[in-house]
Amino acid sequence: MKTFELTKTQVINSSIDNVFDFFSKPENLKAITPEKLSFKILTPTPITMGKGTVIDYTIRLFKIPVHWRTLITKYDPPHEFIDEQMKGPYNFWHHTHKFKKVDGGVEISDKVIYSIPMGIIGQFLHFLWIKRDLEKIFSHRKKVINDLLVNNISNTKNGFERENR
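Residues numbered from 1 in each chain as written. Predicted model: local features only at pLDDT ≥ 70, side-chain atom pairs only at ≥ 80, totals over all residues. Heavy atoms only, no water.

## What to know about the overall build of the chain
Working step 1: Looking only at helices and strands, one finds 3 helices and 9 strands in the chain.
Working step 2: For 165 residues, the compact-globule estimate of 2.2 N^0.38 gives 15 Å, and the C-alpha radius of gyration of the chain, at 16 Å, lies within 12% of that figure.
Working step 3: For the chain, the spread of C-alpha atoms along the principal axes amounts to about 55 × 35 × 30 Å.
Working step 4: Out of the 165 residues belonging to the chain, those deemed buried represent 42%.
Working step 5: Surface exposure of the chain reaches about 9900 Å², of which carbon and sulfur atoms provide 53%.
Working step 6: For the chain, the centre of its 25 positive side-chain charges and the centre of its 18 negative side-chain charges are spaced 6 Å apart. (Helix = DSSP H or I, 4+ residues; strand = E, 2+ residues; numbered from the N terminus. Rg over C-alpha atoms; globule rule 2.2 N^0.38 Å. Buried < 20%, exposed > 50% of the residue type's maximum accessible area, 1.4 Å probe, protein only. Areas by Shrake-Rupley, 256 points an atom, 1.4 Å probe, with all protein chains shown as cover. Lys, Arg positive; Asp, Glu negative; His and termini not counted. Charge placed at Lys NZ, Arg CZ, Asp CG, Glu CD.)

Below you can see the structure in the form of structure tokens.
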């Protein structure tokens with residue numbers, strides 16, 4: 001099985017508790033996922049994160065809904081958690097989220113190891129589309145995370161909106 005790796009790091013000016021609290025709420029995934037993926041959580045909310053938590057959701061790929069199920073295999077607040085795909089579009093998906101206090105705030109690092117189905121055709125699709133699409137998703141996520149956690153945007157019942165001051 002051919003695997004690929006995606007690593008991303010960003011530093012934001014916030015506390016580690018605030019950052020981990022945000023990431024420990026799967027309901028916040030919708031806010032950091034590009035709209036074109038039509039992300040929807042199927043698991044009843046609120047979801048309590050911890051080792052063994054299973055989260056079901058759907059995304060749309062080429063307008064086709066895809067069921068994705070992840071399992072939290074490690075949960076070490078406020079420093080790290082790992083989600084692994086149980087069912088979804090990849091043969092293998094292992095996503096490590098790490099949070100570390102640094103000068104200027106918190107370093108958020110993501111490491112995703114994944115494998116594409118369909119053998120050589122999947123590798124060709126990875127080269128043509130999948131790798132670039134994942135890069136775009138994580139670039140979007142980086143901008144949104146900065147907006148949500150640094151630029152005074154708070155969680156409300158209807159999603160995220162700017163605080164009025």
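## Some thoughts on the pattern of salt bridges
Working step 1: Counted according to the given criterion, the structure contains 8 salt bridges.
Working step 2: A salt bridge links K25 to D21; the shortest N-O distance between them is 2.7 Å.
Working step 3: According to the relative accessible area criterion, K25 is partly exposed, its value standing at 32%.
Working step 4: Note that R141 is salt-bridged to D110, the shortest N-O span being 2.8 Å. With R141 in helix α3 (residues 119-150) and D110 in strand β7 (residues 105-115), this residue pair connects regions lying 31 residues apart in the sequence. (Salt bridge = Lys/Arg side-chain N within 4 Å of Asp/Glu carboxyl O.)

## As for the confidence of the model for the chain
Working step 1: Predicted confidence across the chain gives a mean pLDDT of 90, with 92% of residues reaching 70 or more.
Working step 2: Of the regions scoring below 50 in pLDDT, residues 153-165 engages in 21 contacts with residues more than four places distant in sequence or in other chains. (pLDDT = per-residue confidence, 0-100. Contact = heavy atoms within 4.5 Å.)

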